[in-house]
Amino acid sequence: LSIAGQLDDDIPHVFHNGAVLTHADGTVFDAQILPKKTAQRLIEHARAEKLVLEFYSTNQYFVEQDSELSQMHAKTLQLEPVIANLEDVLEQETVVRAQWKMDASDLERAQALELTDGDLYTANAGHRQDVMFASITKTGGSKGSATKALADHLGINLKRVMGVGDSGGDIPYLDIVGHPRAMA
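Described in the following lines is the structure provided in the data block. What you see is a predicted model, and the numbers here were worked out from it, not measured in a lab.

**Some remarks on the nonpolar core**
Reasoning step 1: If you look at the biggest cluster of nonpolar residues, it comprises 22 residues, and the most contacted ones within it are Leu42, Leu53, Phe55, Trp100 and Met102.
Reasoning step 2: Elements supplying a minimum of two residues to this core: helix H2 (36-49), strand E4 (52-56), helix H4 (86-92), strand E7 (97-103), helix H5 (107-111) and strand E9 (131-138).
Reasoning step 3: Counting residues per element, this core draws most heavily on H2, which supplies four residues.
Reasoning step 4: Residues contacting Met102, with those up to four places away along its chain left out, are Leu51, Leu69, Leu107, Ala110, Asp130, Val131, Met132 and Ala134.

**Comments concerning helix H3 (residues 68-77)**
Reasoning step 1: All of the buried residues along H3 are Leu69, Ser70, Met72, His73 and Ala74.
Reasoning step 2: Residues of H3 that are buried make contact with E4, strand E5 (61-63), E7 and E9.
Reasoning step 3: Gln78 sits one or two positions beyond H3 and adopts a positive phi of about 55°.

**Things to note about the sheet that holds strand E1 (residues 13-15)**
Reasoning step 1: Ordered by their spatial adjacency, three strands build an open sheet running E1-E2-E3, and the pairing between neighbours is antiparallel. Edge positions in the open sheet fall to E1 and strand E3 (28-31), since each of these has one partner strand only. Adjacent strand axes in the sheet meet at a mean angle of 20° when their direction is disregarded.
Reasoning step 2: Of the strand pairs in this sheet, strand E2 (residues 20-22) and E3 are connected by three bridges, and their pairing is antiparallel. Each residue of the ladder has a partner; that of Thr22, found in E3, is Val28.

**Remarks on the pairing of strand E10 (residues 162-165)**
Reasoning step 1: The side-chain alternation of E10 yields one buried face, formed by Gly163 and Gly165, and one unburied face, formed by Met162 and Val164.
Reasoning step 2: The pairing of E10 with strand E11 (residues 179-182) spans four bridges and is parallel. Each bridged residue has a counterpart across the sheet, and for Val164 the counterpart in E11 is Arg181.

Rules and cut-offs
- Residues numbered from 1 in each chain as written.
- Predicted model: local features only at pLDDT ≥ 70, side-chain atom pairs only at ≥ 80, totals over all residues.
- Heavy atoms only, no water.
- Core = buried A, V, L, I, M, F, W, Y, C linked by side-chain atoms within 4.5 Å.
- Buried < 20%, exposed > 50% of the residue type's maximum accessible area, 1.4 Å probe, protein only.
- Helix = DSSP H or I, 4+ residues; strand = E, 2+ residues; numbered from the N terminus.
- Contact = heavy atoms within 4.5 Å.
- Pairing = 2+ DSSP bridges.
- Axes fitted to C-alpha atoms, helices over the stretch in contact; angles between N-to-C directions.

None of this, on its own, says anything about what the molecule does.
Listed below in structure tokens is the structure:
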């Protein structure tokens, strides 16, 4: 949020793969909540496969146990996760996104879980090609749907919007904006 605040305090920003539209001050404009049934299945699958799973609310993120991968991500985000039982988090928080952190060799095991009510987007960790992220949001909740909602709210034609992306999760909004750009 600190970088978003440098852009413009008054304009909402898209976070969590499109699951949240928020102002830089943290005020939520819109949130797509991950269904509890989906989140529970993700917890069970992560535990069975010994995968690092994170849950995100609109203003915090949670992990079940501290690990090298969770520490690496905390350093990148410059934000410490709350370490908690994810089933408790699911009961006490509004979860908008789940994300697996894994070695690239574990991606197939993570994707083995069939999702009927969640969309999965993958990306590598950028600075570490051997680490993958697999983010899960509510079905239909993408950066594309969030960008459209934001443009509608602000009365801006999508042909006038520039989008900059660096992963496959950015494709839904790069496909709808007038000026898509991909980082190398």
